[in-house]
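Structure assessment
Residue strings, one per chain:
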Amino acid sequence: MSKSIIIVGSTGTGKTTFVKDILKGVNIPLFIYDVNNEYSEFPNTNKNNFDFKKFTIDANTKINTCIVYEEATIFFSHGGSTDYVRSQLVRKRHTKNLFVFNFHALHQVPMYLLDFCDLLVIKKTKDNSKLIFDKFKYNENIIEAYQAIKEDGNKYAQRLILDIN
């Protein structure tokens, strides 16, 4: 499948529900960092591996697998895991893996991760607007989507961006 999807939204905005909808449509093995045990309905997942470093090392061995980083911020706030994730994304076409990353805030998404992203889903966040405008000042698509979501009264509002860069 060779895709990378990033979903960003505050708690309770439907990130996990969005991911579950994706998972219902894939016919490949699942490898999920599920520290909150939210994916119990999906068989053959890695539900009990709460060691994020071990998870990223194990994910590096996967081929033709849907790899879900449910709490993605954990992986990018600890330096060692970042290299493993970057390696996975660089090789995604060859491994045929589908990657899904859930973040709570847009400012937490590493810029280089967007280089590998095929779909960015922005939901409501509690981001500081100035931080978002500074970080993404060269990306009109992200700024416009962020502003539209912020102004939307629907708690579950979202914007999908295919043209990230």
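Residues numbered from 1 in each chain as written. Predicted model: local features only at pLDDT ≥ 70, side-chain atom pairs only at ≥ 80, totals over all residues. Heavy atoms only, no water.

Remarks on the sheet that holds strand β6 (residues 158-161)
Strands sit in the order β2-β3-β4-β1-β5-β6 across an open sheet of 6 strands; the sheet is mixed. Either end of the sheet is taken by a strand with one partner, and the two such strands are β2 (30-33) and β6. Within this sheet the neighbouring strands show an average axis-to-axis angle of 10°, counted without direction. When β2 meets strand β3 (residues 66-69), the two strands line up parallel, connected through 4 bridges. Residue pairing in the sheet places L30 in a bridge with C66 of β3. Most of the contacts of helix α1 (residues 15-24) go to strand β4 (residues 98-103), to which it runs at about 170°, and overall it touches β1 (3-8), β2, β3, β4, β5 (119-123) and β6. (Pairing = 2+ DSSP bridges. Helix = DSSP H or I, 4+ residues; strand = E, 2+ residues; numbered from the N terminus. Axes fitted to C-alpha atoms, helices over the stretch in contact; angles between N-to-C directions. Contact = heavy atoms within 4.5 Å.)

Describing the confidence of the model for the chain
Summary statistics for the chain give a mean pLDDT of 89 and a share of 92% for residues scoring 70 or more. Looking across the chain, the model is least confident in helix α4 (residues 79-90), with a mean pLDDT of 77, and most confident in β5, with 97. (pLDDT = per-residue confidence, 0-100.)

Observations regarding the pattern of salt bridges
Per the counting criterion, the structure on display carries 5 salt bridges. The salt bridge involving K130 is made with D134; its shortest N-O contact spans 2.9 Å. Of the two residues, K130 and D134 are both situated in helix α7 (residues 129-135); the distance of 4 residues between them amounts to about one turn of the helix. The class for K130 is exposed, based on a relative accessible area of 55%. Note on D134: relative accessible area 39%, which makes it partly exposed. (Salt bridge = Lys/Arg side-chain N within 4 Å of Asp/Glu carboxyl O. Buried < 20%, exposed > 50% of the residue type's maximum accessible area, 1.4 Å probe, protein only.)

Section: the environment of I161
Here I161 is to be found in strand β6. Judged by relative accessible area, I161 falls into the buried class, the value being 6%. Expressed as a C-alpha distance, the spacing of I161 and T16, which sit 145 residues apart in the sequence, is 18 Å. Contact partners of I161, with chain neighbours within four places excluded, come to D118, L119, L120, I122, N141, I142 and A145.

Quick notes on the environment of K3
With respect to the element layout, K3 can be found in strand β1. What makes K3 partly exposed here is its relative accessible area of 39%. Distance in space between the C-alpha atoms of K3 and L119 is 8.3 Å, their sequence separation being 116 residues. Not counting residues up to four positions away in its chain, the partners in contact with K3 are K92, N97, L98, F99 and D118.

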